Amino acid sequence: MADAARSTDRLEALDITRKLAAICGTPFARFAGPADEVAGRTARWVAVPGGPHAAAEVLRLAAAHDLTVVPRGAGTKIDWGAAPAQVDIMLDTGRLAGVWHEPRDAAVAEIGAGTPLRAVQATLARTNRRLPVDAPSPGATLGGVLAADESGPLRHRHGSPCAQLVGVRYLDADGELVSVGESGTEALGRATPGSGGGRASGRGPAGDGCGGAGSGPACAADGFGWGVGDPAAGAGWGAGGPAGGAGGDPGRGGGDAILGRGEVPGLDVARLLCGSQGGLGVLVSATMRVHAVPAGRLWVSRPVWTPLEVHDLVRAVLAAGVDPAAVELDLPVPVPLPRRRIPPTHPSVVNRPDHPAVTGRPAAGSLVVLLEGGPADVTERAERLTAVLGAEAIVSHHAPEWWGRYPFAPGDTALRIEVPINDLHAAVYALRDATGGPVPVRGSAGSGTVHAALSGALPPERVASILTAVRSVLIARRGRCVVVAAPAAVRRAVDLWGELPTLPRLRSAKAHLDPHHRLAPGRLPGGL
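None of these values were measured; they are calculated from a predicted model.

Rules used throughout
- Residues numbered from 1 in each chain as written.
- Predicted model: local features only at pLDDT ≥ 70, side-chain atom pairs only at ≥ 80, totals over all residues.
- Heavy atoms only, no water.
- Helix = DSSP H or I, 4+ residues; strand = E, 2+ residues; numbered from the N terminus.
- Buried < 20%, exposed > 50% of the residue type's maximum accessible area, 1.4 Å probe, protein only.
- Contact = heavy atoms within 4.5 Å.
- Areas by Shrake-Rupley, 256 points an atom, 1.4 Å probe, with all protein chains shown as cover.
- Pairing = 2+ DSSP bridges.
- Axes fitted to C-alpha atoms, helices over the stretch in contact; angles between N-to-C directions.
- pLDDT = per-residue confidence, 0-100.
- Parallel < 35°, antiparallel > 145°, perpendicular 65-115°, else oblique.
- Left-handed = near helix turned anticlockwise from the far one by under 90°.
- Phe/Tyr/Trp six-rings, centres within 6.5 Å; stacked < 30°, edge-to-face > 60°.
- Lys NZ or Arg CZ within 6 Å of the ring centre and 35° of its normal.

**Quick look at the overall build of the chain**
- Along its length, the chain carries 14 helices and 22 strands.
- A burial count over the chain gives 56% of its 528 residues as buried.
- In the chain, the share of contacts with a sequence separation of at least 24, taken over all contacts with a separation of at least 6, comes to 71%.
- In the form shown here, the chain has an accessible surface area of approximately 20400 Å², with 56% of it arising from carbon and sulfur atoms.

**Regarding the sheet that holds strand E16 (residues 326-331)**
- The strand order across the open sheet built from eight strands is E18-E15-E17-E16-E20-E21-E19-E22, with neighbouring strands paired in antiparallel fashion. Two strands in the sheet have a free side with no partner beyond their single neighbour: strand E18 (394-396) and strand E22 (480-485). Strand after strand, the sheet turns through a mean of 20° between neighbouring axes, direction not considered.
- Relative to E22, strand E19 (residues 413-418) runs antiparallel, the two sharing five bridges. What sits directly across from Arg-416, in E22, is Val-482.
- Sitting on the sheet, helix H10 (residues 375-389) is in contact with strand E15 (296-304), strand E17 (365-373) and E18, with an inclination near 10° to E15.

**With respect to the pairing of strand E21 (residues 449-454)**
- Of all six residues in E21, six are buried; the element is thus mostly enclosed.
- Residues Thr-449, His-451 and Ala-453 point to one face of E21 and Val-450, Ala-452 and Leu-454 to the other, with burial holding for every one of them.
- Relative to E21, E19 is paired through six bridges, and the arrangement is antiparallel. Paired with Glu-418 across the strands is Thr-449, a residue of E21.
- The pairing of strand E20 (residues 441-444) with E21 spans four bridges and is antiparallel. Counterpart to Gly-443 in the pairing with E21 is Val-450.

**Details of the confidence of the model for the chain**
- Scored by pLDDT, the chain has a mean of 80; 76% of the residues are at 70 or more.
- Of the regions scoring below 50 in pLDDT, residues 1-8 engages in zero contacts with residues more than four places distant in sequence or in other chains.
- Note on residues 184-265: pLDDT under 50 across the span, and 232 contacts to partners over four residues away in sequence or across chains.

**Describing the packing of helix H8 (residues 307-319) against helix H11 (residues 424-435)**
- Two numbers describe how H8 lies on H11: the axes approach to 8 Å, and their chain directions differ by 165°. In terms of orientation, H8 and H11 fall into the roughly antiparallel class. As for the relative orientation of H8 and H11, their crossing is right-handed in sense. For the pair H8 and H11, the contacting residues are Pro-307, Leu-308 and His-311 in the first and His-425, Val-428, Tyr-429 and Arg-432 in the second.

**Considerations on the packing of aromatic side chains**
- Counted according to the given criterion, the structure contains five aromatic pairs.
- Here the aromatic rings of Trp-80 and Tyr-406 are separated by 5.7 Å at their centres, their planes lie at 70°, and the arrangement is edge-to-face. Of the two residues, Trp-80 is situated in the loop between strand E5 (69-72) and strand E6 (89-92) and Tyr-406 in the loop between E18 and E19; the sequence distance between them amounts to 326 residues. Of the two residues examined, Trp-80 and Tyr-406, each falls in the buried class.
- Judged by centre distance (6.1 Å) and plane angle (45°), the ring pair of Trp-402 and Trp-403 falls under tilted.
- A connected cluster of aromatic rings, assembled from ring pairs, spans Trp-80, Tyr-406 and Phe-408.
- The residue whose ring lies beneath Arg-95 is Phe-28, and the NZ or CZ to ring-centre distance is 3.7 Å.

Below, the structure is given as structure tokens:
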């Protein structure tokens, strides 16, 4: 009986492989290998559909055979977050690629989900334009960046990648192509007539509602960044949902009751995909805002010694009226180095005789401010900023080596902390106290979002105690600490997300958009 069952399983597996090959083409459908895994969970098949219609057929095949599907872009964040309960088909978006945009006066561009972000920027640069998106993961695709709502330094001025979103095309769990918001150009529409049905949402014009420069975590347009890519991204799943809620899908019925009725029709449901790690839909393309490449860029850096000093300097930078594009902090584990002292009478340390700059202790890190705009204007603002930051401020035409990079390495336990900027120093002190020493911290001090690295050698129970201590400090400050990535033993043993007040809404949204739990089951908080 057992041999007969195994034989039946093999025949069914071969049948599914043949069907995937018929949909995607023989070179683009195969049994999965050891490298085809999601947070340690190995897939059974890999399918690389050549367009939205083929991707829809893969999802319909999965539905017909009760198989699960997990989307994959470049795989740069495939090990972030929780392991899915099961991965039957890994849907690789590598062939859902391309950039469609009007010539120079285009305000938006429609981009295939599988397009590498660096290719998007190179294409737009031909017309002196860019996406104001600078996710740190090397080689990441636009779909992967949106699925994790992954932000870089430019978030300080422009908001998260989800804030740049004005329209999407995505496949629901049943393989139906849904279009919401604005289409960047007609090109993608011409390229995919009839693909997956092309059902429009009927939600009206797109909009944003984000405050723009310096919006940071408080920007409602940051969408539903519940997860490891952008936990509690202001008004995300982790922080109570966007202002006005999220709109429903008239084609499904009852969506407004579950998700709330949004003030900006068209994007509210689309933004559910941001940070969902493929658990609510498979992104096909995104229409994003496009900006002119700034003519001038300068980085103004200053050494820092303590988190409290960082707090004071960030407040001074934001009050200086220099309109920073980014305010980034790097606090590595200090390495003693010889350092020149400055006189105790210097204006930056007057009445502070114990300041490390006076005593000669080595700097613990750097605070760096990016200024963008016209060359003359940027130079003038840099001069004003150096006057604020003091004699040790340095102006450079190049970013520091650590700019736009995470402080953690493969094998580390990576944490993401989000807290109002006035309490960021308290969060860093709490992390140091909990671990018993300095911890590498890097990120956007101007928006209260930083990442930290714990040694991968720490046992799970030690990591759990650190998380408990840090979260107890953050909860009273409206902040959160989320585990972005971790060794398998730690990931299994600790609470990755901490308290999530909006979990009931997320559970309702999952039940509404993916009632059979076919899309990345278990990747969302609460095992959804």
